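Residue-level structure breakdown
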Amino acid sequence: GGQASAGPMGGLYGFDPGTRTWVTYAPTPNPGNLSDTAACFSPQAKGIVFFGGRSGASTYVNTTWILRFNDPPTVDAGPNQAVGEGATVTLSGSASDPEGALPTPTWAQFSGPAVTLAGSGFTRTFTAPTVTTTTTLGFNLSVSDGVNPPVVDDVNITVNNTINEIPVANAGPDQTVDAGTTV
C-alpha cells in the first residue's frame, strides 16, 4: 500500500505477487499524503495488513487490504540407496507447501547409465543396470507451487557389481600370412 516514486502514484495500491503487478483500489482517485495509513504484519494471515488511508484532505477510507507472502515448497527425494544389478529400484519422494498447494513433481536423471523411469507422481521405479564396477546413478526431484522458482532435492542410487559376468577372450583379428612368416 501507499505511494512510492518508483512504484504506483496517486491512489491506494496493493501488490499482487502472483502477477507481480500493482493493483489499484477504488475509490481513491487522489489520496494525497498516505502517511495516515496504518500497516502491520500478521503471522496468521502470512502477510502485511494495510488499514484505510486518506482519500481527500479530511476523508478517510475504511477499507483493509492484505499483501500475502508465499513460501516455497519443501521437497525430499528420499534416501540414498545401494542395490545390486537387475534389482527393481523405487524412488519415493515427497513435498509439501506451506500454503497448501499441491506441488507438481518432476523426476530427472543427471548421472550414470541411462535408465527408464516408470510410474508417475512422487514414486518412480526402474531396473538397476548391469555394471562392471560399482556405479552411481543420480536423480533429482523438482517441485513447483506455481509461484516460487522450482525447489530441487537429489538422491543417489549406488549399483554394485553383483553379477559374475562371463569372461570375454579376444585373440585379436583374424590374419592370413605366408608360411614361415613370424606372427
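Residues numbered from 1 in each chain as written. Predicted model: local features only at pLDDT ≥ 70, side-chain atom pairs only at ≥ 80, totals over all residues. Heavy atoms only, no water.

**Things to note about the overall build of the protein**
Counted only if it meets this: What counts as a helix is a DSSP run of H or I of at least four residues, what counts as a strand is a run of E of at least two, and both are numbered from the N terminus. Only protein chains enter the accessibility calculation, which uses a 1.4 Å probe; a residue whose area is less than 20% of its type maximum is buried, one above 50% is exposed, and one in between is partly exposed. By definition in these notes, contact holds between two residues if any of their heavy atoms fall within 4.5 Å. For accessible areas, the Shrake-Rupley method is used with a probe of radius 1.4 Å. Any residue's cover is judged against the shown protein chains and nothing else.
Looking only at helices and strands, the protein has zero helices and 14 strands in total. When the helices and strands of the protein are listed from N to C terminus, the series reads β-β-β-β-β-β-β-β-β-β-β-β-β-β. Taken across its 183 residues, the protein has 30% of its residues classed as buried. The contacts of the protein with a sequence gap of at least 6 include a subset with a gap of at least 24, amounting to 51%. A total accessible area of about 11,300 Å² is found for the protein, and carbon and sulfur atoms account for 54% of it.

**Focus: the sheet that holds strand β8 (residues 88–92)**
Where we set the bar: At least two bridges found by DSSP between two strands are what make those strands a pair. With axes taken as lines fitted to C-alpha atoms, and helix axes fitted only over the stretch in contact, angles between N-to-C directions fall between 0 and 180 degrees.
The strand order across the open sheet built from three strands is β8-β12-β11, with neighbouring strands paired in antiparallel fashion. Single-partner strands in this sheet number two, and they are β8 and β11 (118–120). Here the average twist between neighbouring strands, direction ignored, is 10 degrees. Of the pairings in the sheet, the one linking β11 to strand β12 (residues 123–127) comprises three bridges and is antiparallel in character. Bridge pairing in β12 links Gly119 to Arg124.

**Some points on the nonpolar core**
As a reminder, the rule being used: We call a set of buried residues a nonpolar core when its members are Ala, Val, Leu, Ile, Met, Phe, Trp, Tyr or Cys and they connect through side-chain atoms within 4.5 Å of each other.
One finds Leu91, Trp107, Phe126, Leu137, Phe139, Val155 and Ile157 to be the most contacted residues of the largest nonpolar core, which totals 17 residues. Among the secondary structure elements, those contributing two or more residues to this core are β8, β13 (135–144) and β14 (151–160). When residues in this core are grouped by element, the largest group, four residues, is from β13.

**Digging into the confidence of the model for the protein**
Applied cut-off: Confidence of the predictor at the level of single residues is captured by pLDDT, which takes values from 0 to 100.
Confidence in the prediction of the protein, expressed as mean pLDDT, is 79, and 68% of residues score 70 or more. A low-confidence stretch, residues 1–12 (pLDDT under 50), is modelled with 32 contacts involving residues beyond four sequence positions or located in other chains. Low pLDDT (under 50) marks residues 26–35, which in the prediction has 24 contacts with non-local residues, meaning those over four places away or in another chain.

**A closer look at the pairing of β12**
Side-chain alternation along β12 places Arg124 and Phe126 on a buried face and Thr123, Thr125 and Thr127 on a face that remains uncovered. Judged from the five bridges that link them, β8 and β12 form a sheet pairing that is antiparallel. Paired with Leu91 across the bridge in β12 is Arg124. Taken together, β11 and the strand that follows it, β12, pair antiparallel across an intervening segment of two residues, in which Gly121 is found at a positive phi of about 70 degrees.

**Quick word on the environment of Leu137**
Among the structural elements, Leu137 can be located in strand β13. C-alpha separation for the pair Leu137 and Val159, spaced 22 residues apart in sequence, amounts to 7.6 Å. Excluding its chain neighbours within four sequence positions, the residues that come into contact with Leu137 are Gln109, Ser111, Gly112, Pro113, Val115, Phe126, Pro129, Val155, Asn156, Ile157 and Val159.

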